[in-house]
Amino acid sequence: MLVSREISFDAFHSHHGMMSEPVHRHTFVVRLTMKGEPNEEGFVCDFRAVKRLFRRLIASRLEGRNLDDLFEFATSENLAAWVWNKLDPFFPLHSVEVREKPHSCAVYFGP
């Protein structure tokens with residue numbers, strides 16, 4: 001079974017290299033999808049724990065920040081892989097999706 005939790009945060013970034021775009025703001029939406037069998041109570045994972053750890057490990061480092069200060073290339077693709085690496089030890093991740101806009105996303109399925 002797949003279950004997902006969406007969490008958002010606001011941050012800034014620019015594009016350099018192949019694309020050139022000045023610093024701009026996004027409300028990034030991250031969808032964490034976990035895969036597993038429901039436990040005896042019918043849950044694959046505790047969504048409250050997902051939100052708490054996301055806030056502690058991810059949002060606390062990214063909220064309101066310029067992502068160019070943290071990543072050489074602050075793309076949704078790189079952000080999705082980074083989020084995976086931070087949360088994979090805690091949850092049975094299936095995928096991490098990062099959306100900068102409703103019509104644009106990157107989905108990472110792990111290494």
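The shown structure was predicted, so the numbers you read here are calculated from the model rather than taken from an experiment. Each chain carries its own residue numbering, running from 1 in the direction its sequence is written. With pLDDT at 70 or above as the cut-off, local features in this predicted model cover only qualifying residues; side-chain atom pairs require 80 or more to be listed or tallied, and sums for whole chains, interfaces and linings still use all residues. Heavy atoms throughout the structure, all of them, feed into the side-chain values; hydrogens and water do not.

1. Let's talk about the packing of aromatic side chains
Then, number 1: Here the aromatic set is Phe, Tyr and Trp, taking the six-membered ring for Trp, and pairing holds for ring centres within 6.5 Å; pairs whose planes are under 30 degrees apart are stacked, those over 60 apart are edge-to-face, and all others are tilted. In the structure shown here, the tally under the stated rule is four aromatic pairs.
Then, number 2: Arranged with centres 5.3 Å apart and planes meeting at 15 degrees, the rings of phenylalanine 9 and phenylalanine 28 form a pair that is stacked. Pair noted here: phenylalanine 9 is in strand β1 (residues 2-15) and phenylalanine 28 is in strand β2 (residues 21-35), with a separation of 19 residues, a long-range link. Taken individually, phenylalanine 9 and phenylalanine 28 each receive the classification buried, so the pair is uniform in this respect.
Then, number 3: Considering the side-chain rings of tryptophan 84 and tyrosine 108, the 5.7 Å spacing of their centres and the 85 degrees angle between planes classify their relative orientation as edge-to-face. Pair noted here: tryptophan 84 is in helix α2 (residues 76-87) and tyrosine 108 is in strand β4 (residues 104-108), with a separation of 24 residues, a long-range link.
Then, number 4: Buried, partly exposed and exposed residues are distinguished by accessible area as a fraction of the type maximum, computed with a 1.4 Å probe on protein chains only: under 20%, between the cut-offs, and over 50%, respectively. Its relative accessible area of 6% is what places tryptophan 84 among the buried residues.
Then, number 5: Following the ring pairs from residue to residue traces out a cluster consisting of Phe9, Phe28 and Phe54. Note on conventions: DSSP H or I runs of at least 4 residues are helices, E runs of at least 2 residues are strands, and numbering of each starts at the N terminus.

2. Some thoughts on the sheet that holds β1
Then, number 1: Two strands are said to pair when DSSP picks up at least two bridges between them. The strand order across the open sheet formed by four strands is β1-β2-β3-β4, and the pairing between neighbours is antiparallel. The sheet is open, and its two borders are formed by β1 and β4, each paired with just one other strand. For this sheet, the mean inter-axis angle between neighbouring strands, taken without regard to orientation, is 20 degrees.
Then, number 2: The pairing of strand β3 (residues 93-101) with β4 spans five bridges and is classified as antiparallel. Bridge pairing links valine 98 to alanine 106 in β4.
Then, number 3: Contacts are assigned to residue pairs that have any heavy atoms within 4.5 Å of one another. Here an axis means a line fitted to C-alpha atoms, over the contact stretch when the element is a helix, while the angle between two N-to-C directions is reported on a 0 to 180 degree scale. Its contacts with the sheet put helix α1 (residues 47-62) on β1 and β2, and the angle it makes with β1 is roughly 10 degrees.
Then, number 4: In the packing of α2 onto the sheet, contacts are made with β1, β2, β3 and β4, and the angle to β3 comes to roughly 145 degrees.

3. Some details on the pattern of salt bridges
Where side chains of opposite charge bring their charged atoms close, a pairing between them can arise.
Then, number 1: Whenever Lys or Arg places a side-chain nitrogen within 4 Å of a carboxyl oxygen from Asp or Glu, that contact is recorded as a salt bridge. Per the counting criterion, the structure on display carries five salt bridges.
Then, number 2: Put simply, glutamate 97 and arginine 99 hold a salt bridge, and the shortest N to O gap is 2.8 Å.
Then, number 3: Note on glutamate 97: relative accessible area 16%, which makes it buried.
Then, number 4: Here the residues in one salt-bridge network are Glu6, Arg31, Glu97 and Arg99, joined through shared partners.

The quantities given are spatial measurements derived from coordinates; they are silent on function.
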